[in-house]
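Topology and contacts: notes
What follows is the residue order along each chain.
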Amino acid sequence: MNPARRPLICGNWKMYKGGLAGIELAQSVIAFAKELPKVDVVVAPPFTAIAAVGSVLEESRSTVGLAGQNLYPKNEGAFTGEISGPFLKEAGCAWVILGHSERRQYFAETDAFVADKVGAALGAGLCPIICVGETLEQRERGETLRVVKTQVEAFLDVIARALDGANAPVAIAYEPVWAIGTGKVAGPAEAEEVHQAIRTWLKNKSESLAEKTRILYGGSVKADNAAALLGCPNVDGALVGGASLDAGSFGAIARAAQPS
Ligand code: PEP
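A brief look at the structure comes next. (Residues numbered from 1 in each chain as written. Predicted model: local features only at pLDDT ≥ 70, side-chain atom pairs only at ≥ 80, totals over all residues. Heavy atoms only, no water.)

**Observations regarding the layout of surface pockets**
- Of the voids in this model, the largest pocket is the one considered here, and its volume is about 480 Å³.
- Taken together, 13 residues form the lining of the largest pocket, with Lys14, Met15, Gln69, Arg103 and Phe107 sitting closest to its centre. (1 Å grid on protein atoms, 1.4 Å probe; cavity = no way out; pocket = protein on both sides within 12 Å on 5 of 7 lines; lining within 4 Å. Points joined across faces, edges and corners; volume = space filled by probe spheres on them.)

**Looking at the nonpolar core**
- Among the nonpolar cores identified, the biggest contains 72 residues, and Ile9, Ile159 and Ile198 are the most heavily contacted of them.
- Among the elements that make up this core, the one with the highest residue count is helix 7 (residues 144-163) (eight residues).
- Ignoring any residue separated from it by four or fewer positions in sequence, one finds isoleucine 198 in contact with Val132, Val148, Val152, Ile172, Tyr174 and Ile215. (Core = buried A, V, L, I, M, F, W, Y, C linked by side-chain atoms within 4.5 Å. Buried < 20%, exposed > 50% of the residue type's maximum accessible area, 1.4 Å probe, protein only. Helix = DSSP H or I, 4+ residues; strand = E, 2+ residues; numbered from the N terminus. Contact = heavy atoms within 4.5 Å.)

**Details of the site of the ligand**
- Lining the immediate surroundings of the ligand are 14 residues, of which Lys14, Glu175, Gly181, Ser220 and Gly242 lie closest.
- In this structure, an oxygen atom belonging to the ligand sits 2.7 Å away from a side-chain N or O atom of lysine 14.
- Here the ligand loses 97% of its free accessible area of 290 Å² to cover by the protein chains.
- Of the residues belonging to the shell around the ligand, the class tally is four nonpolar, eight polar and two charged. (Near = heavy atom within 4 Å. Polar contact = N/O pair within 3.5 Å; in protein donor to acceptor, adjacent residues only side chain to side chain. Areas by Shrake-Rupley, 256 points an atom, 1.4 Å probe, with all protein chains shown as cover. Nonpolar A, V, L, I, M, F, W, Y, C, P; charged D, E, K, R; others polar.)

**Observations regarding the packing of helix 1 (residues 20-33) against helix 11 (residues 247-257)**
- For the pair helix 1 and helix 11, the least separation of the axes is 10 Å and the interaxial angle reads 30°. The orientation of helix 1 with respect to helix 11, classified from their angle, is roughly parallel. Considering how the two elements wind past one another, helix 1 and helix 11 form a crossing that is right-handed. Across from Leu25, Ser28, Val29 and Phe32 in helix 1, the residues of helix 11 making contact are Ala247, Phe250, Gly251, Ala254 and Arg255.
- Here the contact of helix 1 with helix 11 is composed, by residue class, of six nonpolar, two polar and one charged. (Axes fitted to C-alpha atoms, helices over the stretch in contact; angles between N-to-C directions. Parallel < 35°, antiparallel > 145°, perpendicular 65-115°, else oblique. Left-handed = near helix turned anticlockwise from the far one by under 90°.)

As far as function goes, none of this settles anything; it's purely spatial.
Have a look at this one:
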């Protein structure tokens, strides 16, 4: 295993577990993560729970990482309702999910805006987990690789610049939109095809970028399909939505990532 690409399992809690329920879930994640020293386990609570979950992680000296689910690409200012990279960092985050398909779909986030956010995250010292993926219509039209390539190319220069001198600051999550929250999961071969293509585009930019960037799969990952997906050579982890809301399921997925 390439040490720069330790398995990374991130739970995206979306707009769930915003208060006490988030703290309870975090405590259960802390407990199972202790048994998995070779896996980077990260949780992304909603903004209202981040500081509280951060305190619980700190008090228990846990290695579980904390992620924001979004940021606004300015450090501060008159941007009502938004949260900046430095604010996330101060609240204990080391990670931030960017360009999730729900943000692209419901909040009209463009590739250019996502690239701005990636730059802001890296500038704040956060590791972005950048989501890309095609819709069902695009897949059926045979456009998967073209669509994903366009999304990746939009932030490729930004991450390549950041890698100069830094160590593996970025993860990319391939999340086919048709698989998110639907129970339909890409088969290992379908996922690997896209992951391998992403690795090649990274390599064309920089060998070390390709070596160090973790490419996660996301889209209906569950305890019973995780091992097959995580066994693909270019799948370095998973971004998990629904199944991360239950510590038992999330723990089983993280265990499937633990190298023997
Ligand atoms: C996600 O929200 O990133 C996701 C992959 O959701 P789910 O696992 O529920 O499909």
